[in-house]
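One-letter residues, chain by chain:
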Amino acid sequence: MCAPEQSADDGTVTNSKWVLKARPQGIFDPKKDVAFKTESISNTDLADDDILVESFMLSGDAFIRTMMDEEAYHGALSLGDTLPAIGYGKVVAAGPKSCHKVGTVVSGMIGAQTYAKIKSGGAFR
């Protein structure tokens, strides 16, 4: 993924992410099965217990491939969903009732993306 972009003016970040475009038929083919998308995320859109995490490192685990199937042991992804990934990063924005402060390094299921908006209870120090 590319280096994340952040706008200091309005608290908006540009998130780059991988999403499931089609269910793999046999061997995973990144040209057919996934798409690289960008979106803007505003830290003013955070719920009270949300945090916005800038990704530092992601893990590419085998369970990701199994979740691409329509019936998956670990729970299936819907088409258009961000690919799951466990990783760690820094909290860059936090809702007022979040259990993490800005600047805290956290880990958890943040997805294959440069920024993740997640519930603070799903991130661990």
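Use the structure listed above.
Note that this is a predicted model, so its numbers are computed, not measured. (Residues numbered from 1 in each chain as written. Predicted model: local features only at pLDDT ≥ 70, side-chain atom pairs only at ≥ 80, totals over all residues. Heavy atoms only, no water.)

With that settled, the discussion passes to the packing of aromatic side chains. Scanning the model with the defined rule gives 2 aromatic pairs in all. Between W18 and F36, the aromatic rings sit 4.9 Å apart at their centres with planes inclined by 50°, giving tilted as the arrangement. Of the two residues, W18 sits in strand 2 (residues 12-20) while F36 sits in strand 3 (residues 34-42), which places them 18 residues apart along the sequence. A relative accessible area of 31% places W18 in the partly exposed class. (Phe/Tyr/Trp six-rings, centres within 6.5 Å; stacked < 30°, edge-to-face > 60°. Helix = DSSP H or I, 4+ residues; strand = E, 2+ residues; numbered from the N terminus. Buried < 20%, exposed > 50% of the residue type's maximum accessible area, 1.4 Å probe, protein only.)

What follows covers the pairing of strand 4 (residues 50-59). Direction of pairing for strand 4 relative to strand 7 (residues 115-119): antiparallel, over a ladder of 5 bridges. Each bridged residue has a counterpart across the sheet, and for V53 the counterpart in strand 7 is A116. Alignment of strand 4 against strand 5 (residues 86-94), held across 8 bridges, turns out to be antiparallel. If you follow E54 over to strand 5, its bridge partner there is K90. (Pairing = 2+ DSSP bridges.)

L20, V34, F63, I64, M67, M68, L77, L83 and A112 together form the largest nonpolar core, which totals 9 residues. If you tally residues by element for this core, the top one is helix 2 (residues 63-67), at 3 residues. Once residues within four sequence positions are removed from consideration, F63 is found in contact with H74, P84, I86 and M109. In terms of nonpolar packing, the next biggest core, distinct from the first, is built from 8 residues, V53, V106, A116 and I118 among them. (Core = buried A, V, L, I, M, F, W, Y, C linked by side-chain atoms within 4.5 Å. Contact = heavy atoms within 4.5 Å.)

This brings us to the pattern of salt bridges. Applying the stated rule across the entire model yields 4 salt bridges. In this structure, D49 engages K119 in a salt bridge whose closest nitrogen and oxygen atoms are separated by 3.2 Å. Here the residue D49 occupies a position in the loop between strand 3 and strand 4, and K119 occupies one in strand 7, the gap between them amounting to 70 residues. With a shortest N-O distance of 2.8 Å, R65 and D69 are connected by a salt bridge. (Salt bridge = Lys/Arg side-chain N within 4 Å of Asp/Glu carboxyl O.)

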